[in-house]
Number of protein chains: 2
Amino acid sequence: MLVDALQFVKPARERFEEWHAAGIAGVHATVAIWEDSTETMREVGRWQRLLAENADLLREGRSADDIRAAGSDGRTAVVLGFQNSSPFEDDLDLVGAFHQAGVRIAQLTYNTQNSAGAGCWEGDDAGLSRTYGINLIREMNRVGMLIDVSHCNERTSLEALEASERPVAITHANPRGFVGENVELAFRNKSDTVLKKAAESGGVVGLSMYPRIAPSGVDCTVAQFCDMIAYTVDLIGVEHVGLGSDYYAGQGDEELHWWRQGRWSRKPMVPISGPVEFPEWFAAGRGYATVLEHLRKRGFSESEVELISGGNWLRMFGAGFVADSRN
Amino acid sequence: MLVDALQFVKPARERFEEWHAAGIAGVHATVAIWEDSTETMREVGRWQRLLAENADLLREGRSADDIRAAGSDGRTAVVLGFQNSSPFEDDLDLVGAFHQAGVRIAQLTYNTQNSAGAGCWEGDDAGLSRTYGINLIREMNRVGMLIDVSHCNERTSLEALEASERPVAITHANPRGFVGENVELAFRNKSDTVLKKAAESGGVVGLSMYPRIAPSGVDCTVAQFCDMIAYTVDLIGVEHVGLGSDYYAGQGDEELHWWRQGRWSRKPMVPISGPVEFPEWFAAGRGYATVLEHLRKRGFSESEVELISGGNWLRMFGAGFVADSRN
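Counting starts from 1 at the beginning of each chain's written sequence and moves along it residue by residue. For this description, chains carry letters from A and ligands carry numbers from 1, given in the order in which they are written. Local features in a predicted model are, by the rule used here, given only for residues with pLDDT of at least 70; side-chain atom pairs are given and counted only at 80 or more, and totals for whole chains, interfaces and linings are based on all residues. The basis for the side-chain values is all heavy atoms of the structure; hydrogens and waters are excluded.

Asker: Honestly, helix H3 (residues 64-72) of chain B in this entry has me stumped. Any pointers?
Answerer: Spacing of three or four residues puts side chains on the same side of an α-helix, whose turn is 3.6 residues. All names here are of chain B. For every residue, the accessible area obtained with a 1.4 Å probe (protein chains only) is divided by the maximum for its type, and the residue is called buried under 20%, exposed over 50%, and partly exposed between those limits. Only DSSP runs of H or I with at least four residues qualify as helices, and only runs of E with at least two residues qualify as strands; both kinds are numbered from the N terminus onward. All of the buried residues along H3 are Ala64, Asp66, Ile67 and Ala70. Angularly, the buried residues of H3 cover 160 degrees about the axis, an arc narrow enough to put them on a single face. Of the exposed residues in H3, those oriented more than 90 degrees away from the buried face are Asp65 and Ser72. Contact partners of the buried residues in H3: strand E1 (2-7), strand E2 (24-32), strand E3 (58-60), strand E4 (76-82) and helix H12 (302-320). Once H3 ends, the next one or two residues include Gly74, with phi positive near 70 degrees. Summarising the geometry, the arc corresponds to the directions from the helix axis toward the C-beta atoms. Contacts between residues were defined by any pair of non-hydrogen atoms, one from each residue, lying within 4.5 Å.

In structure tokens:
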């Protein structure tokens, strides 16, 4: 059962058809990046409308069982999530409120510093804040909102892993130890230390074809991508590796500027070189079968391929999307 | 002409009468501490209504001339300001919008970390963010919104002083070098380094009778307070020292909890020992004349007393509340 732990496509039937063609049972879709609470609720509402209008292809993804059900009847379950904690507006009660509204995963930070922690554009001095950051993690643990540190800096990632009593996810990032420093956004990738601790927490890392963080960028071959999977499996175990493509499509300049600078800058603070080209074999988000086939050829067993393709995410989502039973 | 660079009283005619009795020509009043943009606009509107209803005692304080005019006709000019950058919601355009609405001073942070920097409860690892923090300072410089680092941690204060091209204010804090570590919130006070750099920037520090940061706490005598003034004058020069009482009155438990924990904590993260008692000689915000008289007795000249009592703030507000002429 195929799960993509992060896509940021502009919601449109064309994309949903691509998911169907690729056989994706579950996809984690982003509804907030800099948005505040109200703006995010509008996005949640938009997805509700789209789910209804495209019920032949989609269903709501509030649980691992929703994804399994979607996989069984050939649809895609959409798990809503944030790439930033901005929608919570420093209000702990909004964590539970957004969980009620169907949101299941949230990054503590996008690329910059916020009241909870610091993103990967900020260097490593700032970490999880001792005030709200700690409390936010406790509240996400309590209600069953998965903590995602994909874009957090090293220090925030480590301190979140230390603070969280439940498994922490890295929905979309690659091992810096494998990819190296010669990619455009090398600092977005994760150190071996963070990956190991995420695995120790019970977490999963979703490996990405996003050219700015993938080995050899847009020239990343299926073989290289599978080498990266093998590296990560060797490092943290096959139970902790999954897919998280970071695939996006359909957005124009306006959206790209929003992602890079929100309203907090008047100009991009990292280069915007236009929408990226994904590797050709992944075009239109269709590269999953190729990857899985290649893994089998490399000697991964069927059960290992099943874990990597979606089984690990299903296990983590199943346990993580529900309230902490100790509370 | 007497200027108090920070009071956080609950707006009520009783307070305005106290200001009148104390002869305060200008007071910087707080309209936001954790509030977002909309909540803050409601506070701004409330003050507009109160200014109209109490026009015999108050007038709007959008400029140093407004304060001078208030001083001349025995009223108090109210300068609106933020103790946090939360009302800007990481939107640079809101800086100019709030300036238009009459807001003239904003702290980058209250006590905790946010997207711009870090407050004094966070330790000193996090500083001014390289992304929004830098841009916020540029924008405040541009539109004529005074940057205040009173509650920022050491690092954020220093980095803001480095980044700002215009003078930076410390509206309400005391010199840690004089007060020492034996007060409840010693970490709220400012190092000699920060005070010196603020003065070098052209800024002013407002010294406070707030017992949690004042020498000997609630037992602080007028003599001790004036010793602290003398220490600060010796350290950074008489042109950079003013008053900023941090006086508050009229709030109940609900407001105190809001100040201490906003919505980001379910319990206070520093002890809340109830509303503080200010030193008896300052009761009801009436201690200014006593302080100024004491300064004269100590040998401060009339012109020095005039600078400390309000002249320095008038100079800084006069230059700082207007758009940067270079833009």
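Asker: Would you explain the interface of chain A and chain B in this entry?
Answerer: It is common to give the size of an interface as the accessible area lost on bringing the parts into contact. Listed as interface residues are 31 residues of chain A and, on the opposing side, 31 residues of chain B. Joining two parts hides part of their accessible area as seen by a 1.4 Å probe, and the buried area is that hidden amount summed over both. Of the roughly 2600 Å² buried between chain A and chain B, counting both surfaces, carbon and sulfur atoms make up 42%. What counts as a salt bridge is simple: a side-chain nitrogen of Lys or Arg found within 4 Å of a carboxyl oxygen of Asp or Glu. Our count for the contact surface shared by chain A and chain B stands at 8 salt bridges. In protein, a polar contact requires one atom able to donate a hydrogen and another able to accept it; more generally it is a pair of N or O atoms within 3.5 Å, and residues adjacent in sequence count only if both atoms are side-chain atoms. Our count for the chain A to chain B interface comes out at 22 residue pairs in polar contact (both at pLDDT 80 or more). A total of 4 residues in the side of chain A that touches chain B trace back to one element, the largest contributor, which is helix H5 (residues 132-143) of chain A. Only Asp, Glu, Lys and Arg are considered charged, only Ala, Val, Leu, Ile, Met, Phe, Trp, Tyr, Cys and Pro nonpolar, and every remaining residue, Gly among them, polar. Its residues assigned to classes, the side of chain A that touches chain B shows 7 nonpolar, 11 polar and 13 charged.

Asker: Is there a simple way to think about the packing of aromatic side chains in this case?
Answerer: The description of two aromatic rings rests on the distance between their centres and on the angle between their planes. All names here are of chain A. Pairing of aromatic rings covers Phe, Tyr and the six-membered ring of Trp, with a centre-to-centre limit of 6.5 Å; geometry is then stacked below 30 degrees between planes, edge-to-face above 60, and tilted otherwise. What the rule picks out here adds up to 46 aromatic pairs over all chains. On the numbers, 6.4 Å between centres and 70 degrees between planes, the contact of Trp121 with Trp264 is edge-to-face. One end of the pair, Trp121, is in the loop between strand E5 (103-107) and H5; the other, Trp264, is in the loop between helix H10 (253-261) and helix H11 (288-297), with 143 residues separating them in the sequence. Accessibility assignment for this pair places Trp121 and Trp264 in one class, buried. A centroid spacing of 6.0 Å and a plane angle of 40 degrees characterise the contact between Phe278 and Phe282, whose relative ring orientation is tilted. Phe282 matches Phe278 in its accessibility class, with the two residues each being buried. Pairwise contacts between aromatic rings join Phe8, Tyr210, Phe225, Tyr247, Tyr248, Trp259, Phe278, Trp281, Phe282 and Tyr288 into one cluster.

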